[in-house]
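Here is how the chains run, residue by residue.
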Amino acid sequence: MNILPKPFRIEVSEGSFAFRADGKVATDLPVIASLFGGADAGSAVKFVKGETEWDYVLRITSKGVTATARDDEGLFHAAVTLLQLTGGSLEADLPACTVYDKPRFGYRAGMIDVCRHFYGVETVKKLIDTMALFKFNHLHFHVSDDQGFRLRIDALPKLHQIGSERKGTCGDGKPHGGYYTKAQIKEIVDYAAERYIEIVPEIDLPGHTRAIVAAYPELSCSGKPTEVASWFGIHSKILCTGKEGVYEALDKIFAEMAQMFPCKLFHLGGDEVAKLEWAKCPDCAAVYRKEGLKNLEELQGYFTNRVINMLKKYDKTPVLWNEALNSGMLDKSAAVQYWTTDRPSAERVAKAIAEDGRKVIMSRCNPYYLDYPCGMHSLKAMYKLEPADELGEGSEKGILGVECPLWTEHIAQEKELFEHFYPRALAVAETGWSPKGVKDYADFEERLKGVLFLLDRRGVPYVPVAECNPGKIKSALSAAAFGMKMQRGCDPTSARNWRSMSLKQPKC
Ligand code: ACM
Ligand code: ZN
């Protein structure tokens with residue numbers, strides 16, 4: 001049966017149900033009615049609340065269909081399963097069966113970077129709408145980076161007035177910008193909530209902050225004016241750890257973001273911090289001395305923990321990219337998102353699970369990063385990744401779930417955005433939901449082909465399944481093209497800075 005993600009258990013019985021006429025269903029939930037032909041209390045297809053140990057139970061007999069769940073979210077999941085079974089037809093003969101279903105992980109997410117290229121509300125809603133059809137329940141929203149700050153923060157208006165606009169992209173001389181108003185964020189958050197998806201906002205700190213520093217140069221170590229980055233790569237104009245104004249500004253940003261995003265998870269970034277300016281800054285040096293720190297990693301640890309403490313008053317659970325573990329002092333309340341592929345990082349993450357009970361989101365760059373082409377991160381590779389395998393025995397208990405990030409340095413159009421996301425993200429949807437140990441790629445591919453009508457119907461582009469696992473030659477060519485694109489996109493100065501960066505202690 002073409003259900004994706006594969007349900008926990010299906011018991012097939014004799015006969016079938018003719019899902020006919022207007023396709024209306026008995027439901028109180030408008031979002032479920034909208035998936036079918038509308039709502040009609042007299043329909044033989046019913047969605048009812050009731051006690052069950054499952055997320056939902058979907059029973060199809062020759063007389064009708066009954067979906068049962070404890071809550072609206074379970075009923076919605078039953079509805080998308082039923083929708084998939086119709087194969088896109090409101091005149092379908094549904095096989096008699098009972099589906100017993102529940103998710104493997106509580107966190108099943110995609111990520112969209114709206115900083116490197118800005119995408120408007122309608123595109124974000126289209127992404128949310130389609131993700132919900134495959135039982136994703138979080139969208140990680142990367143809204144602050146070197147190339148743009150995408151929120152309106154009333155207390156710090158230069159963040160959107162200056163920080164949301166850049167002069168060009170990799171030398172093209174064409175201004176690029178955009179930000180979301182508070183009303184637009186509410187529209188996105190509410191739309192997602194109706195589909196049981198929570199928006200996890202990310203303000204990447206203390207690196208990847210050149211847009212913030214362009215708006216408020218006094219928040220950097222040097223205090224010198226700079227511009228929103230128009231090249232990619234890693235930038236060294238970042239927030240200072242020693243200026244109180246930085247923490248005051250962040251407090252204002254958090255206060256407004258906490259209002260905008262009700263999700264308990266709140267991403268604080270923490271990746272790729274080029275600490276060049278910290279090493280020369282008297283204010284950073286003063287912190288360094290006062291706190292008795294041993295290296296610049298610990299200075300990042302000090303900054304991160306201080307920021308985490310500020311976030312506590314909003315009752316949020318912080319999430320950080322895995323480099324935040326490098327200081328060895330990350331606040332125990334923080335979850336970690338694993339993305340790098342190096343052995344020492346994997347060992348740190350495994351140790352954090354074993355010794356601190358740390359919760360981890362699996363987003364290993366290879367193969368989960370969707371901005372890489374299929375020739376590098378194939379559908380098959382994405383499907384095969386088992387979240388805890390690399391972390392070793394006993395690590396599965398720390399896995400909160402899975403997430404496939406989509407960075408947009410080289411993705412400027414909506415069509416490409418969706419083609420990078422689909423269908424590969426659906427391999428991650430299945431890993432996040434389906435029980436462990438049932439993976440069978442050929443079966444997955446067959447079911448995948450059977451549910452793509454959901455994207456076709458919404459006019460959402462995707463890469464044909466036949467092109468998702470290219471052979472060796474095509475893969476080598478696409479890897480070479482991708483490498484060149486990455487290199488061309490990097491400002492030669494920042495790239496050189498990054499390579500020559502040493503983690504020397506500041507001269508105190
Ligand atoms: C990352 O890809 N820098 C988290
Ligand atoms: Zn400083």
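Q: Looking at this structure, I do not really get the overall build of the protein. What am I missing?
A: Within the protein, the secondary structure is distributed over 18 helices and 16 strands. If one aligns the C-alpha atoms of the protein with their principal axes, the spans along those axes are about 80 × 50 × 45 Å. Each of the 508 residues in the protein was classed as buried or not, and the buried ones make up 59%. Considering only intrachain contacts with a sequence separation of at least 6, the fraction spanning at least 24 residues in the protein is 75%. Element-wise, carbon and sulfur atoms account for 51% of the exposed surface of the protein, whose accessible area totals about 19,800 Å². Charged side chains in the protein number 66 positive and 67 negative. The centres of these two groups are separated by 4 Å.

Q: Even after reading the chapter, I still don't get the pattern of salt bridges, so can you show me in this structure?
A: Any two side chains of opposite charge can pair, given that their charged atoms come close. This structure, assessed with the given rule, holds 38 salt bridges. Notably, a salt bridge pairs D113 with R116, separated by 3.0 Å at the nearest N-O pair. Members of the salt-bridge network, linked through shared partners, are R104, E386, E396, K436 and K439.

Q: Mind showing me how you'd approach the packing of aromatic side chains here?
A: Two aromatic rings are characterised by how far apart their centres lie and by the angle between their planes. On inspection of all chains with the given rule, the structure shows 21 aromatic pairs. When the centroid spacing of 5.8 Å and the interplanar angle of 40 degrees are considered together, the rings of W321 and W407 count as tilted. Taken together, the residues span a long stretch of sequence, with W321 in strand β13 (residues 317–321) and W407 in the loop between β16 (399–406) and α13 (414–421) at a distance of 86 residues. For W321, a relative accessible area of 0% translates into the label buried. The exposure class assigned to W407 is buried, which follows from its relative accessible area of 8%. With 6.1 Å between their ring centres and 55 degrees between their planes, Y369 and W407 make a pair best called tilted. Pair noted here: Y369 is in the loop between α11 (365–368) and α12 (379–384) and W407 is in the loop between β16 and α13, with a separation of 38 residues, a long-range link.

Q: Looking at this model, I keep getting lost on the coordination of the zinc ion (ligand 2). Mind explaining?
A: Six octahedral donors around a metal ideally make angles of 90 or 180 degrees; four tetrahedral donors ideally make 109.5 degrees. Protein ligation of the zinc ion (ligand 2) involves C221 (SG), C240 (SG), C281 (SG) and C284 (SG), the donor distances falling in the range 2.3 Å. Look at where the donors of the zinc ion (ligand 2) fall in the sequence and you get C-x18-C-x40-C-x2-C. Taken as a pair, C221 in the loop between α6 (210–215) and α7 (244–260) and C284 in helix α8 (residues 282–291) lie far apart in primary sequence, 63 residues in all. Across the pair, C284 and C221 agree in class, each one buried.

Q: Whenever I open this one, a nonpolar patch on the surface confuses me. Can you help?
A: Taken together, the side chains of M1, I10 and V12 present a nonpolar region at the surface, about 250 Å² in accessible area. Residue position: V12 is located in strand β1 (residues 9–19).

Q: Can you walk me through the sheet that holds β1 in this structure?
A: A sheet is described by the order of its strands in space; here five strands give the open sequence β1-β5-β3-β4-β2, paired in mixed fashion. Each edge of the sheet is formed by a strand with only one pairing partner; in this case those strands are β1 and β2 (45–49). Strand-to-strand twist across the sheet, computed as the mean angle between neighbouring axes with direction ignored, equals 20 degrees. Along the sheet, helix α2 (residues 72–86) makes contact with β1, β2, β3 (56–61), β4 (64–69) and β5 (92–101), crossing β3 at roughly 40 degrees.

Q: Please explain the side chain of H377 as it appears in this structure.
A: Within the secondary structure layout, H377 lies in the loop between α11 and α12. Note on H377: relative accessible area 2%, which makes it buried. Of note is the side chain of H377, whose polar atom sits 3.4 Å from the backbone oxygen of P367. Setting aside residues no more than four positions away along its own chain, H377 makes contact with C365, N366, P367, Y368, Y369, Y372, M382 and R424.

Q: What is the right way to look at unusual backbone geometry in this model?
A: Excluding glycine, residues mostly have negative phi values, and the peptide bonds linking residues are mostly trans. Here the amide bond leading from L4 into P5 is cis, since omega sits at 0 degrees, within 30 degrees of zero. Along the chain, P5 falls in the segment before β1. Along the chain, N366 connects to P367 via a cis peptide bond; the corresponding omega equals 15 degrees. Among the secondary structure elements, P367 is positioned in helix α11. Here H208, not a glycine, exhibits a phi torsion of approximately 55 degrees, which is positive. The residue H208 is located in the loop between β11 (198–205) and α6 in this model. With relative accessibility at 2%, the residue H208 sits in the buried group. Phi angles above zero are rare outside glycine, and D315 is one such case at about 55 degrees. By secondary structure assignment, the location of D315 is in the loop between α9 (296–311) and β13. Judged by its relative accessible area of 54%, D315 is exposed.

Q: What's the story with the packing of α8 against α9 in this structure? I'm lost.
A: It is at 11 Å that the axes of α8 and α9 come closest, and there the two elements cross at 90 degrees. Comparing the axis directions of α8 and α9 gives the class roughly perpendicular. Contacts between α8 and α9 involve C284, V287, Y288 and E291 from the first element and L296, L299 and Y302 from the second.

Q: Looking at this structure, how should I read the environment of S230?
A: Here S230 lies in the loop between α6 and α7. As a C-alpha pair, S230 and D172 span 58 residues in sequence and 9.2 Å in three-dimensional space. Leave out the neighbours within four places in its chain, and S230 touches R166, G168, T169 and C170.

Rules of the game
Here, residues in each chain are numbered from 1, in the same order as that chain's written sequence. Numbering of ligands from 1 and lettering of chains from A proceed in the order in which they are written. Owing to the predicted nature of the model, reporting of local features is limited to residues with pLDDT of at least 70; listing and counting of side-chain atom pairs is limited to 80 or more, with chain, interface and lining totals taken over all residues. Calculation of side-chain values draws on the structure's entire complement of heavy atoms; hydrogens and water are dropped beforehand. Every helix listed is a DSSP run of H or I at least four residues long, and every strand listed is a run of E at least two residues long, numbered separately from the N terminus. Each residue is placed in one exposure class: buried if its accessible area under a 1.4 Å probe, protein chains only, is under 20% of its type's maximum, exposed if it is over 50%, and partly exposed if it falls in between. Contact between two residues is taken to exist if any of their heavy atoms lie within 4.5 Å; hydrogens are not considered. The protein chains shown are the only cover counted for residues, whose accessible areas, like all others here, come from Shrake-Rupley with a 1.4 Å probe. As used throughout, the charge tally considers Lys and Arg to be positive and Asp and Glu to be negative, leaving His and the chain termini uncounted. In this description, the location of a charge corresponds to atom NZ of lysine, CZ of arginine, CG of aspartate or CD of glutamate. The working definition used for a salt bridge is a side-chain nitrogen of Lys or Arg within 4 Å of a carboxyl oxygen of Asp or Glu. Note on aromatic contacts: the rings of Phe and Tyr and the six-membered ring of Trp form a pair at centre separations within 6.5 Å, being stacked when their planes are under 30 degrees apart, edge-to-face when over 60 apart, and tilted otherwise. Distances decide who is a donor: an N, O or S atom must be within 2.8 Å of the metal, or within 3.2 Å for Na, K and Ca. Water is not included, so sites may look incomplete. Residues qualify for a patch when their relative accessible area is over 30% and they have no salt bridge, like charges being joined within 9 Å and the nonpolar side chains of Val, Leu, Ile, Met, Phe, Trp and Tyr within 5 Å. Strands are treated as partners if at least two bridges between them are detected by DSSP. Geometry is summarised by axes, namely lines fitted to C-alpha atoms with helices restricted to the contacting stretch, and by angles between N-to-C directions that run from 0 to 180 degrees. Polar contacts, as used here, are pairs of N or O atoms within 3.5 Å; protein pairs need one atom able to donate a hydrogen and one able to accept it. Residues neighboring in sequence count only if both atoms are side-chain atoms. Angle categories are assigned with fixed cut-offs, so that under 35 degrees is roughly parallel, over 145 is roughly antiparallel, 65 to 115 is roughly perpendicular, and the rest are oblique.

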